[in-house]
Amino acid sequence: MTVTYTGWWQVPAQLLTKTALAELDFPRTCEGRVPDAFVEGTNWRGRKDVFALFDVHACTPTSSTATQLDAAQRRRMKSRACQDCGAHCQAPLTTVGENPVPARLCPACRHIELLRCEQSRIGWCRALVTADVAALFTGPPAVVMQLALHEPPRTERGSRRPVTAVRAQVAGLDGTVLLDVVIRLAGPRAKWVPDGAVDKAEGVARLREAIGGKRLVVWSADELTELRKLDPTGDHPNWMSADPWITPRTPDRDNERITTTRSQSRAVHAEVAATQWRGEIDQQTRRLVRCLAPGTADRLALLLRRIAATDGNQPQLARVETD
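Predicted model, so just to flag it, every value in this text is computed and none were measured.

Draft legend 1. Looking closely at the overall build of the protein chain. For the protein chain, the helix and strand inventory stands at 7 helices and 14 strands. By the burial criterion, 36% of the 323 residues in the protein chain qualify as buried. Taking the contacts inside the protein chain whose residues are at least 6 apart along the sequence as the reference set, 60% of them involve residues at least 24 apart. Of the roughly 20,000 Å² of accessible surface on the protein chain, 50% is carried by carbon and sulfur atoms.

Draft legend 2. Local environment of the sheet that holds strand 2 (residues 15-16). Reading across the sheet, the 4 strands line up as 1-4-5-2 and stay open at both edges, with mixed pairing between neighbours. The open sheet has two edge strands, strand 1 (3-5) and strand 2, and neither has a second partner.

Draft legend 3. The packing of aromatic side chains, seen in detail. Scanning the model with the defined rule gives 1 aromatic pair in all. An angle of 45° between the planes, with centres 5.6 Å apart, marks the rings of tryptophan 8 and phenylalanine 51 as tilted. In this pair, tryptophan 8 sits in the loop between strand 1 and strand 2 while phenylalanine 51 sits in strand 5 (residues 48-55), placing the two residues 43 residues apart along the sequence. On the accessibility criterion, tryptophan 8 (42% relative accessible area) is partly exposed.

Draft legend 4. View of the side chain of threonine 17. Among the structural elements, threonine 17 can be located in the loop between strand 2 and helix 1 (18-22). Threonine 17 sits in the buried class, given a relative accessible area of 17%. When neighbours within four sequence positions are excluded, threonine 17 is seen to be in contact with Trp8, Phe51, Ala52 and Leu53.

Calculation notes
- Numbers given for residues are sequential positions, taken from 1 along each chain in its written order.
- Two thresholds apply to this predicted model, a pLDDT of at least 70 for residue-level local features and 80 or more for giving and counting side-chain atom pairs, whereas whole-chain, interface and lining totals are computed over all residues.
- Note that water and hydrogens are dropped before the side-chain values are worked out from all heavy atoms of the structure.
- Helix numbering and strand numbering both begin at the N terminus, where a helix is a DSSP run of H or I of at least 4 residues and a strand a DSSP run of E of at least 2.
- Relative accessibility decides the category of a residue: with a 1.4 Å probe and only protein chains considered, values under 20% of the type maximum give buried, values over 50% give exposed, and everything between is partly exposed.
- Should any heavy atoms of two residues lie within 4.5 Å, those residues are counted as being in contact.
- Calculation of accessible area relied on Shrake-Rupley with a 1.4 Å probe; when residues are assessed, cover is drawn exclusively from the protein chains displayed.
- What makes two strands pair is DSSP finding at least two bridges between them.
- The criterion for an aromatic pair is that two Phe, Tyr or Trp rings (for Trp, the six-membered ring) have centres within 6.5 Å, with stacked assigned to planes under 30 degrees apart, edge-to-face to planes over 60 apart and tilted to the rest.

Functional significance is not addressed by these values, which are geometric in nature.
Right, dumping it as structure tokens:
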């Protein structure tokens, strides 16, 4: 079965397109060969396309003589020597950067340079994240909420059974646990209900008391959806009114930054901010590694305090009034 890669970063070095084979220092041809693999990408028109790949070691040299190749080398204006490590590459080199002069780099040096550029951008975003999260501690009273669904084991056929309970946790920004209750969602005779689960009406009432009148901090906006399912008649914010704190920005777009402390949003979700604050970049794809959820409400509060204290200053906690 022929492999289809979903991005160029997945393609092994020995697999090249027909064009890349022809551009080698000592070109080869794939005429008469069946593609060894395919890769999904974008063509020169900016449209999605699929490109055939061939194993360079299985492709035969072209009919060009040494004299012809030497003449072609003399006519060539662009060097194939990496301007960083000095490697004499077989394929044409791409340029990286703009100021003062774009550098022609080998694939390894190019990858390192792009990693550094991404790290620099994430470092710039981290400062914004820190300021945004720190503002939460001096804003209106807020609490951290987490809703964890209890799903029974799957059936023998692999089908999911209905959720039987939900664990509702609420903590202050200082980490104080204000509520930790398991709410029963299934009938009294249902199986796979955790011990100690309380009736839904009682559990919802306690949850309302813990979060009433306060801003909600959740890990993801999905928890707000679950909250509205759990308590459809309550006055709760929905996922559309939740603020993700920060969206991907670049230094040259600083003037577009929302400068408010988001004091008017009733809810914020922390996953995007935590991911950008950590700034862990996948070494192959150069994409941010998704931050794992802390696991409980008090642990999320601890993460928020760590983010706010990135500059060494402990966050000043706004007083949270309890009923």
